[in-house]
Amino acid sequence: MKSNSKKIKNLITNSVILSLPGFVSILLSLLSIPIHLKFAGLENFGNYFLFHILLSLSLLFNLGISKAVVISSNFEKKNLSKIAYDAIKYSCGIVFLVFIFYFPINIIINNNFNYNFSVKLFFIGLVSSIIYLTFEGILQANKLFKNISLINFVFYSLSLSLPSILLIYFNKMILYDLLFLSVSIKVLTVLFLIIYFMQNKLIVKNNNKIFLKYFKKNSPWLTLNSALIQFYEMMDKYLIKIFMGSSLMAIYSIPQQLTGKLSILSKAFSAFLLPNIHKNKKLDEFYYSLKIFGKYIPILLFLLFPLYSIILNFWLGNEYSLLILSLTKIFTLIAIYSCISHILITKYEADQKSKNNFNIELSLLPLFLLILVYLFIKFDSLLFISILILVKEILLVLLRLYFLNSKLIKIKKYLIYILI
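Presented here is an overview of the structure given in this document. The structure displayed is predicted, hence computed values, not measured ones.

**Remarks on the overall build of the protein**
For the protein, the helix and strand inventory stands at 16 helices and zero strands. Since a compact globule built from 420 residues should have a radius of gyration of about 22 Å, the 21 Å found for the protein is in line with a globular shape. Its C-alpha atoms give the protein principal-axis dimensions of about 55 × 50 × 40 Å. In the protein, which comprises 420 residues, the share counted as buried stands at 55%. Total accessible area on the protein is roughly 20,000 Å²; 69% of this is exposed by carbon and sulfur atoms. A gap of 10 Å separates the mean positions of the 41 positive and 15 negative side-chain charges of the protein.

What follows is the structure, encoded as structure tokens:
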């Protein structure tokens, strides 16, 4: 019991450390979104948010290098610096390929859409994000959780919110200026990490190619999983942008961005779990994580539901509407199920079974896409679209639990929590 208690305490302590800057980022979002809406308007905010959503394509282009580094750390603890070197080398190869594609894409878009500067910023932001993910994996493999916590705050939260907050003092900034500031923060963070790795000797040049076998085994499925995640997370926003415009996309994105901050906590738990669990170890931390997100977090959020209208009205002022209130409640439920999925996916990844998770997500894709297109054609409703996303998240959680059930006896208890 003492051993289990110590493991749980370690899980909570490190996960809280990883989450703390995330909670600060929530406060920054509460401050920055109304400011952005007031000084730049709904359409500007919609385009600004879409830019950052598109940068999440870095998860796909990273080819699973980041998580492969962490997975390999479960088996190669003495060779982490050598693995880190190979991971960075592979990432640089990806960056080279991205820059090759940049030139023809830049010419096409510049000639047809007059969107040259944003394309440049997007590619710089994309490259920075690809490299950063690998760096984050190296820090995670070395269990430098405090460092990850602070650096993630700067790279993700500060780069997103600070330009919006600066509109108070520089309210004539256009979209390009805001994006330039955001991307600059990301680039500076990557440069800082390069110096940090060199000073702390976390990278050792070698020709052993230890990392290659883990990369080959995990990269294809991690990459395919990332591709499906990107599709699921971006398709609804992309279609709203096309068929409904930037203003409605902003209305759709505001509650999604706010409730999505809950994933900060689940991703913090996942970041701790991945280098600490695999199939040969006991799963006390894994089970306790499921209990937190399947039982305690939902109870807390449901208690806050009656206060949502007061909070949103105070926060958004004239931009508040009953539609935003309804969307916020639905996206809260979506966030709960997404967090549970983060924990479950971590178990698949730790066991190097990402193929199973890919098959689960792929099985829902045709039906999801068909219904999504039907909703856009027939109803043109943000509420219906958000409800579809919720149903999809529930089904994904149930399927992931089902395929873990044969090996993990306690799963039935957590299934009851989740369904209630």
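**Observations concerning the environment of Ser266**
Tracing the backbone through its elements, the reader meets Ser266 in helix H10 (residues 263-273). With a relative accessible area of 0%, Ser266 lands in the buried category. Spatially, the C-alpha atom of Ser266 lies 6.4 Å from that of His342, the residues being 76 residues apart in sequence. If we ignore the near neighbours within four places in the chain, the residues touching Ser266 are Phe293, Cys339, His342 and Ile343. Within the structure, the side chain of Ser266 is placed 2.7 Å from the side chain of His342, a separation counted as a polar contact.

**Quick word on the packing of helix H13 (residues 322-350) against helix H14 (residues 354-378)**
Remark: H13 packs on H14, axes separated minimally by 7 Å, with the N-to-C direction vectors making an angle of 135°. By the criterion of interaxial angle, the relationship of H13 to H14 is oblique. Where H13 approaches H14, its residues Ile345, Tyr348 and Glu349 are matched on the opposing element by Ser354, Asn356, Asn357, Ile360 and Glu361. For the contact of H13 with H14, the class distribution of residues is three nonpolar, three polar and two charged.

**Notes on the environment of Trp315**
The residue Trp315 is located in helix H12 (residues 308-316) in this model. Separated by 284 residues in sequence, Trp315 and Leu31 have C-alpha atoms that sit 8.5 Å apart. Trp315 has contacts with Ser29, Leu30, Leu31, Ile33, Pro34, Ile254 and Leu258, leaving out every residue within four places of it along the chain.

**A few points about the packing of aromatic side chains**
Across all of its chains, the model carries 23 aromatic pairs by this definition. Between Phe155 and Tyr156, the aromatic rings sit 5.1 Å apart at their centres with planes inclined by 85°, giving edge-to-face as the arrangement. The exposure class assigned to Phe155 is buried, which follows from its relative accessible area of 0%. Overall, the relative accessible area of 36% leaves Tyr156 in the partly exposed class.

**What to know about a nonpolar patch on the surface**
On the surface, Tyr374, Phe379, Phe384, Ile387, Val391 and Leu395 cluster together to form a nonpolar patch covering roughly 520 Å² of accessible area. Position of Phe384 relative to the elements: it lies in helix H15 (residues 382-405).

**Comments concerning the side chain of Ser219**
Within the fold, Ser219 resides in helix H8 (residues 210-243). Excluding anything up to four places from it in sequence, Ser219 contacts Leu63 and Tyr214.

**So, the pattern of salt bridges**
On inspection of all chains with the given rule, the structure shows five salt bridges. With a closest N to O distance of 3.6 Å, Asp86 and Lys89 form a salt bridge. Of the two residues, Asp86 and Lys89 are both situated in helix H4 (residues 80-113); the distance of three residues between them amounts to about one turn of the helix. For Asp86, a relative accessible area of 1% corresponds to the buried category. For Lys89, a relative accessible area of 37% gives the class partly exposed.

Definitions and limits used
- Residues numbered from 1 in each chain as written.
- Predicted model: local features only at pLDDT ≥ 70, side-chain atom pairs only at ≥ 80, totals over all residues.
- Heavy atoms only, no water.
- Helix = DSSP H or I, 4+ residues; strand = E, 2+ residues; numbered from the N terminus.
- Rg over C-alpha atoms; globule rule 2.2 N^0.38 Å.
- Buried < 20%, exposed > 50% of the residue type's maximum accessible area, 1.4 Å probe, protein only.
- Areas by Shrake-Rupley, 256 points an atom, 1.4 Å probe, with all protein chains shown as cover.
- Lys, Arg positive; Asp, Glu negative; His and termini not counted.
- Charge placed at Lys NZ, Arg CZ, Asp CG, Glu CD.
- Contact = heavy atoms within 4.5 Å.
- Polar contact = N/O pair within 3.5 Å; in protein donor to acceptor, adjacent residues only side chain to side chain.
- Axes fitted to C-alpha atoms, helices over the stretch in contact; angles between N-to-C directions.
- Parallel < 35°, antiparallel > 145°, perpendicular 65-115°, else oblique.
- Nonpolar A, V, L, I, M, F, W, Y, C, P; charged D, E, K, R; others polar.
- Phe/Tyr/Trp six-rings, centres within 6.5 Å; stacked < 30°, edge-to-face > 60°.
- Patch = residues over 30% accessible without salt bridge, like charges linked within 9 Å, V, L, I, M, F, W, Y side chains within 5 Å.
- Salt bridge = Lys/Arg side-chain N within 4 Å of Asp/Glu carboxyl O.

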